[in-house]
Amino acid sequence: FTAFTPERMQALRMDGAKFMVRLDPSDPASGRTLLACAEAVSLCVRADLTAFLEPLPVRRRRGAYVVQRTVEELAGAVSVASALGASSLNTWLKIPSCPQMERVAGATTLPIVILGGEVTGDPLPVLRDLQTAMRAGPNVRGALIGRNVLFPGAEDPRAMAAAVAAIVHDHAGLGEAQTAMAVERGAHMRLIP
């Protein structure tokens, strides 16, 4: 954790902790990071806190980490992350989507929330990607795609939020999500004097 101990989280009546683990098989430090994350998951279990674990398979290129969004890399990272700690009780995984997402979702029984990734400025690819990911398996439960909701290019953020909600909560298809976006955009425009 970067800011709190489990004891402090409990004192503040927080619900859980979020942490990320970059998995680079060519970096010996990834092993130490996995051990630290396993201990963090165990601490969350003992403190009855939800652990939101973000396992990201990465490769170092030109001094920077690049997330590997292939089915093989993500399924491997999800499998490893699912086994961290004394128990997987109350552990959720936060992962980016990829083609063949059903294979990634099938690599764990843990609940998954989909990450939004970099801001695209175009709502349609984000919504299409989210719709596909949400249908990947019963353990895909939601999304954390804030930047693409807050900065959806020329689209209204409220309308983008309505489209995301339609996909996540109502299992809407892309067309229905676009309709929800248009309805929200129209409702919001009527409120502006």
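Residues numbered from 1 in each chain as written. Predicted model: local features only at pLDDT ≥ 70, side-chain atom pairs only at ≥ 80, totals over all residues. Heavy atoms only, no water.

Our next topic: the pattern of salt bridges. All told, the structure shown has seven salt bridges when counted by the stated rule. For E39, the salt bridge identified is with R46, shortest N-O distance 3.3 Å. Linked through salt bridges whose partners overlap, the residues forming this network are K18, E54 and K94. (Salt bridge = Lys/Arg side-chain N within 4 Å of Asp/Glu carboxyl O.)

With that settled, consider the packing of helix α5 (residues 123–134) against helix α7 (residues 157–170). Relative orientation of the contacting elements α5 and α7 amounts to 15°, with a least axis distance of 10 Å. Here α7 runs roughly parallel to α5, going by the angle between their axes. For α5 against α7, the interelement crossing comes out right-handed. Side by side, α5 and α7 meet where P123, V126, L127, L130, Q131 and M134 of the first sit next to M160, A163, V164, I167 and V168 of the second. When the residues that make up the contact of α5 with α7 are grouped by side-chain class, the tally is 10 nonpolar, one polar and no charged. (Axes fitted to C-alpha atoms, helices over the stretch in contact; angles between N-to-C directions. Helix = DSSP H or I, 4+ residues; strand = E, 2+ residues; numbered from the N terminus. Parallel < 35°, antiparallel > 145°, perpendicular 65-115°, else oblique. Left-handed = near helix turned anticlockwise from the far one by under 90°. Contact = heavy atoms within 4.5 Å. Nonpolar A, V, L, I, M, F, W, Y, C, P; charged D, E, K, R; others polar.)

What follows covers the layout of surface pockets. Approximately 340 Å³ is the volume found for the largest pocket. Lining the largest pocket are 14 residues, with L115, G116, G117, E118 and R147 positioned closest to its centre. Elements represented by at least two residues in the lining of the largest pocket include exactly β2 (50–61) and α6 (146–150). Among the elements that line the lining of the largest pocket, the one with the most residues is α6, at three residues. Here the residues of the lining of the largest pocket sort into six nonpolar, four polar and four charged. (1 Å grid on protein atoms, 1.4 Å probe; cavity = no way out; pocket = protein on both sides within 12 Å on 5 of 7 lines; lining within 4 Å. Points joined across faces, edges and corners; volume = space filled by probe spheres on them.)

What follows concerns the environment of S87. Along the chain, S87 turns up in the loop between α3 (71–82) and β4 (91–95). What makes S87 partly exposed here is its relative accessible area of 28%. With 49 residues separating them in the primary sequence, S87 and A38 have C-alpha atoms 9.4 Å apart. Among residues more than four places away in sequence, those in contact with S87 are V41 and V45. (Buried < 20%, exposed > 50% of the residue type's maximum accessible area, 1.4 Å probe, protein only.)

This next bit is on the side chain of E54. Structurally, E54 is set in strand β2. Look at E54 and you get buried, because its relative accessible area is 8%. A polar side-chain atom of E54 sits 3.2 Å from a polar atom in the side chain of K18. A distance of 3.5 Å separates polar atoms of two side chains, one belonging to E54 and the other to K94. (Polar contact = N/O pair within 3.5 Å; in protein donor to acceptor, adjacent residues only side chain to side chain.)

Let's shift gears to the pairing of strand β5 (residues 112–115). Here β5 shows a buried face lined by I112 and I114 and a second buried face lined by V113 and L115. Bridge count between β4 and β5: three bridges; the pairing is parallel. Looking across to β5, one finds that I95 is bridged to I114. (Pairing = 2+ DSSP bridges.)

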